Amino acid sequence: MQRGNFMYGELTDKDTTEKVRLTFENYEMNSFEILMYKKNRTPVWFFVKIAPIRNEQEKVVLFLCTFSDITAFKQPIEDDSSKGWGKFARLTRALTSSRGVLQQLQPTVHKGENVHKHSRLAEVLQLGSDILPQYKQETPKTPPHIILHYCLFKTTWDWVILILTFYTAIMVPYNVSFKTKQNNVTWLVVDSIVDVIFLVDIVLNFHTTFVGPAGEVISDPKLIRMNYLKTWFVIDLLSCLPYDVINAFENVDEGISSLFSSLKVVRLLRLGRVARKLDHYIEYGAAVLVLLVCVFGLAAHWLACIWYSIGDYEVIDEETNIVRVDSWLYILAETVGTPYRFNASGSGKWEGGPNKDSVYITSLYFTMTSLTSIGFGNIAPTTDGEKIFAVAMMMIGCE
């Protein structure tokens, strides 16, 4: 069996055997009609389908060869019952007696000779790192209310969750650091819709199959529920609570509002799921480049929010109620022409300062220059807290 030509004979077409050899060498999927010989040297026509079997690392581990006897199509069989029949009658009899062969060949005939390498489009669109290998693509039988984790609907839904997760990763640190109350009705509605979609995602995860440790598709509802409860349920539940709706009420205590704003950071734990789902993109150079740029921009955004929080905390000394003139926020306010001023006749608090748009752009500019080790010096840390954070940020940039 180690010899690939042990069934060849004197009438086997040489061009076809060469195609068979190249198919194996190039790890291709192909099909042929070839004349082979039995052990007793009886010639038999076969329709041969060759398919490479790949593992999870896309390496070919073996070949699947399917042989379908099509002798009836090539040379009508003549026996005692068909003696004296015409050639057309014998061919008709052979065709009608070989319906099983015809049904076996029908899917392949439609594809023809254009079937070669397996298309990776479906794999690229799949977000799950637990995609089934090519040799396990037979659709398993599932209960009516169970969704296959690699079906088209679940794939599209995972892309929606991915986009909303990145939206959350951008907006949550901004809202927490800049202490924005969602009084804008438009943004409140958008965030509420996002919360509802995350809640629906929890319901779908209770009805979605997963791949077990042995590579099998688990479709038992009880096992699915137990697996989800043990893994991501608590994090997903905390991430979809309507914190923005609670903060929108004017009579909410400041401490409770700050607590809910801080709890929104739990939503960032969803990025762990995103990282696990995107790990199979490592083999694509362009995808890695785009992913690294997105990660760098996201890290700079988070650090910019922290940088502003430090400046906002230190710019005004709450004990002495004196503004710190060495804070970067005070220097920025003087530069853009919106200095801090003390309202002695009114609220008795410090007012003014740069607007939030200018502060965020300046913070992002500083974190970008620090992470890339450029540091022009026009924005520099001056207080102890700012210097400590700048040192940590430069270490992150080196890594």
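Given the structure is predicted, the values throughout are model-derived calculations rather than measurements. (Residues numbered from 1 in each chain as written. Predicted model: local features only at pLDDT ≥ 70, side-chain atom pairs only at ≥ 80, totals over all residues. Heavy atoms only, no water.)

*Asks:* Explanation requested: the environment of Val61 in the structure shown.
*Replies:* Tracing the sequence through the fold places Val61 in strand β3 (residues 60-69). Here Val61 falls in the partly exposed class, since its relative accessible area comes to 48%. In contact with Val61, not counting residues within four places along its chain, are Ile53 and Asn55. (Helix = DSSP H or I, 4+ residues; strand = E, 2+ residues; numbered from the N terminus. Buried < 20%, exposed > 50% of the residue type's maximum accessible area, 1.4 Å probe, protein only. Contact = heavy atoms within 4.5 Å.)

*Asks:* Is there a simple way to think about the confidence of the model for the protein in this case?
*Replies:* Interpreting fine coordinate detail is not advised for predicted regions of low pLDDT. The share of residues in the protein with pLDDT of 70 or more is 73%, and the mean pLDDT across the chain is 78. Confidence drops under pLDDT 50 across residues 97-102; counting only partners more than four residues distant or on other chains, this segment forms six contacts. Note that residues 107-119 has pLDDT below 50 and, in this model, 15 contacts with residues that lie over four places away or in other chains. (pLDDT = per-residue confidence, 0-100.)

*Asks:* It is not clear to me how the packing of aromatic side chains should be interpreted in this structure. Could you clarify?
*Replies:* The description of an aromatic ring pair rests on the distance of the ring centres and on the angle between the ring planes. This model, assessed by the stated rule, comprises 16 aromatic pairs. Pairwise contacts between aromatic rings join Tyr174, Phe178, Tyr308 and Tyr360 into one cluster. (Phe/Tyr/Trp six-rings, centres within 6.5 Å; stacked < 30°, edge-to-face > 60°.)

*Asks:* Please clarify how the pattern of salt bridges should be interpreted in this entry.
*Replies:* Opposite charge on two side chains makes pairing possible when the charged atoms of those side chains draw close. This model, assessed by the stated rule, comprises five salt bridges. With its nearest N and O atoms 3.6 Å apart, the salt bridge here joins Arg324 to Asp326. Using a relative accessible area of 30% as the deciding quantity, one classes Asp326 as partly exposed. Sharing partners across several salt bridges, the network here consists of Glu18, Arg21 and Glu25. (Salt bridge = Lys/Arg side-chain N within 4 Å of Asp/Glu carboxyl O.)

*Asks:* Mind showing me how you'd approach the packing of helix α6 (residues 152-177) against helix α13 (residues 285-314) here?
*Replies:* Geometry of a packed helix pair, given as the angle between the helix axes and the separation of the axes. One can describe the packing of α6 onto α13 by two numbers: an axis separation of 9 Å at closest approach and a directional angle of 10 degrees. Looking at the two axes, α6 sits roughly parallel to α13. Residues Phe166, Ala169, Ile170, Pro173, Tyr174 and Ser177 of α6 touch α13, and the partners they reach there are Leu298, His301, Trp302, Cys305, Ile306, Tyr308 and Ser309. Residues that form the contact of α6 with α13 fall into these classes: ten nonpolar, three polar and no charged. (Axes fitted to C-alpha atoms, helices over the stretch in contact; angles between N-to-C directions. Parallel < 35°, antiparallel > 145°, perpendicular 65-115°, else oblique. Nonpolar A, V, L, I, M, F, W, Y, C, P; charged D, E, K, R; others polar.)

*Asks:* What is the right way to read the packing of helix α14 (residues 328-336) against helix α15 (residues 356-371) from this model?
*Replies:* The geometry of α14 relative to α15 is characterised by a closest axis approach of 11 Å and an angle of 120 degrees between their N-to-C directions. Taken together, the axes of α14 and α15 are oblique relative to one another. α15 is crossed by α14, and the crossing has right-handed handedness. Facing Trp328, Leu329, Leu332 and Val336 of α14, the residues of α15 in contact are Ser358, Val359, Thr362 and Ser363. (Left-handed = near helix turned anticlockwise from the far one by under 90°.)

*Asks:* Is there a simple way to think about the sheet that holds strand β1 (residues 30-37) in this case?
*Replies:* Paired through their backbone hydrogen bonds, the strands of a sheet run either parallel or antiparallel. On the basis of which strands lie adjacent, the open sheet formed by three strands has the order β1-β2-β3 and antiparallel pairing. Each edge of the sheet is formed by a strand with only one pairing partner; in this case those strands are β1 and β3. Put simply, the sheet's adjacent strands are angled 30 degrees from each other on average, direction ignored. Where strand β2 (residues 43-54) and β3 come together, nine bridges link them in antiparallel fashion. If you follow Pro52 over to β3, its bridge partner there is Phe63. The sheet strands contacting helix α1 (residues 14-25) are β1, β2 and β3, and the helix crosses β1 at an angle near 130 degrees. (Pairing = 2+ DSSP bridges.)

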